[in-house]
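Each chain is listed here by its residues.
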Amino acid sequence: MAGEKCEFEQTFSFIPLPFKKLSFLQDKDTLALLMKWSMLGRISAQSYSFDQTFYHYNSEKFALCFFRDPDVVSSLSREMKAGAWVPLDEPVASVDVEPVPCTQVSMELFDPVYSCGILRPSGHVVKCFHDVYPDYDELRQMLQEEDSEHYYVVGREQRGEFLFRLFKHLCLGGELCQYEDTIDPYISTTKQIYKDLISVQKDPETKKISVVSTVLKVCAYDEAGRSYPGRQEEEQTFAYLIVDPFKRHVTLFCHFYGVGNFTL
């Protein structure tokens, strides 16, 4: 956990980029799905520019400076007043930063899901019995329950990838999520949001495409405890900083679990 003061070492300053609009937040079909999944109005992506070179080893310092930056705090407060979550009222004292693997440049990671019994040939998700959830299925069981026979059809390393985490977040949704009968809406929305958030480059000689973004799962704390994202820990309340070190842009991608908006 990082709690040291930025001022004594390299410090970062951030400028909001309100005109950088990501396509998934503008697309009506995607917004309709987010509304169905009870995530509309509670999922957001805000971009900022920063003024110093980003290095992986400096990730915690970068995140700490981000949540202490007055322009960031101001922009988050404006965003939060429109929702149902707690703004950054108190100064951030420390941060937790988890580097998230992000190497995928295709959707091949999900290929095993199509041939292991989770889906019917039509793409419909197979339903199953659950003690707690009356309307349960093999897809959510694979995502959530380690003793599921399908849990590791996607390998342990691949499950840690940001692409898989994004897919899981969308499948589980918000508090009043209406789950899909087929996998296609989850896959297509995951692909769209991933392409929006992640920067890639092509090697001029090999023509190989690789990810250049760094993804950090972040949590900020004030003197009273956890403050962002949300006071209470909840799997579907999350925040990621997605850094493009070449453009010196960072996007805060977050979701606050609860009841989403019912209108577009």
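Just so you know, these numbers come straight off a predicted model, no measurement behind them.

**A look at unusual backbone geometry**
Peptide bonds are mostly trans, and most non-glycine residues show a negative phi. The peptide bond linking tyrosine 228 to proline 229 adopts the cis configuration, its omega dihedral lying at 0°. Tracing the chain through its elements places proline 229 in the loop between strand S9 (225-228) and strand S10 (238-244). For serine 38, which is not glycine, the phi torsion reads 60° and is therefore positive.

**Comments concerning helix H1 (residues 28-36)**
Buried within H1 we find Thr30, Leu31, Leu33 and Leu34. Taken end-on, H1 shows its buried residues confined to a sector of 160°, consistent with a single buried face. For H1, the exposed residues lying more than 90 degrees away from the buried face are Lys28 and Asp29. Against strand S2 (43-50), helix H6 (162-172) and helix H7 (184-197) lie the buried residues of H1.

**A look at the packing of aromatic side chains**
Per the counting criterion, the structure on display carries 23 aromatic pairs. A centroid spacing of 5.2 Å and a plane angle of 35° characterise the contact between tryptophan 37 and tyrosine 186, whose relative ring orientation is tilted. On the criterion of sequence distance, the pair formed by tryptophan 37 in the loop between H1 and S2 and tyrosine 186 in helix H7 is long-range, its members being 149 residues apart. Residues tryptophan 37 and tyrosine 186 agree in their burial class; the two are buried. Between tyrosine 151 and tyrosine 152 the ring centres are 4.7 Å apart and the planes differ by 90°, which places this aromatic pair in the edge-to-face class. Just above the ring of tyrosine 179 sits the side chain of arginine 140; from NZ or CZ to the centre is 3.6 Å. Between arginine 159 and the ring centre of tyrosine 151, over which it is positioned, the NZ or CZ distance is 3.5 Å.

**A word on the environment of threonine 214**
Considering the arrangement of structural elements, one finds threonine 214 in strand S8 (residues 214-222). Excluding residues within four positions of it along the chain, threonine 214 makes contact with Phe54, His56, Leu241, Ile242 and Val243. Polar contacts involving the side chain of threonine 214 include one to the side chain of histidine 56, which spans 3.5 Å.

**So, the pattern of salt bridges**
Using the criterion set out here, one finds seven salt bridges in the structure. Note that lysine 36 is salt-bridged to glutamate 180, the shortest N-O span being 3.1 Å. On the criterion of sequence distance, the pair formed by lysine 36 in helix H1 and glutamate 180 in the loop between H6 and H7 is long-range, its members being 144 residues apart. Among the residues examined, glutamate 180 registers a relative accessible area of 8% and is labelled buried.

**Some points on the environment of phenylalanine 256**
Its location among the elements puts phenylalanine 256 in the segment after strand S11 (249-255). With 82 residues separating them along the chain, phenylalanine 256 and glycine 174 place their C-alpha atoms 8.3 Å apart.

**Some points on H6**
Across the eleven residues of H6, eleven count as buried, placing the element largely inside the fold. Within H6, burial applies to Phe162, Leu163, Phe164, Arg165, Leu166, Phe167, Lys168, His169, Leu170, Cys171 and Leu172.

**Comments concerning the state of the cysteines**
With the rule as written, the count across this model stands at zero disulfides. Cysteine 102 takes part in no disulfide bond, and the closest cysteine sulfur, belonging to cysteine 254, lies 17 Å away. Residue classification places cysteine 102 among the buried positions, given a relative accessible area of 9%. Free cysteine: cysteine 177, not disulfide-bonded; nearest cysteine sulfur from cysteine 171 at 8.7 Å.

About the thresholds
Residues numbered from 1 in each chain as written. Predicted model: local features only at pLDDT ≥ 70, side-chain atom pairs only at ≥ 80, totals over all residues. Heavy atoms only, no water. Helix = DSSP H or I, 4+ residues; strand = E, 2+ residues; numbered from the N terminus. Buried < 20%, exposed > 50% of the residue type's maximum accessible area, 1.4 Å probe, protein only. Arc of directions from axis to C-beta. Contact = heavy atoms within 4.5 Å. Phe/Tyr/Trp six-rings, centres within 6.5 Å; stacked < 30°, edge-to-face > 60°. Lys NZ or Arg CZ within 6 Å of the ring centre and 35° of its normal. Polar contact = N/O pair within 3.5 Å; in protein donor to acceptor, adjacent residues only side chain to side chain. Salt bridge = Lys/Arg side-chain N within 4 Å of Asp/Glu carboxyl O. Disulfide = S-S within 2.5 Å.

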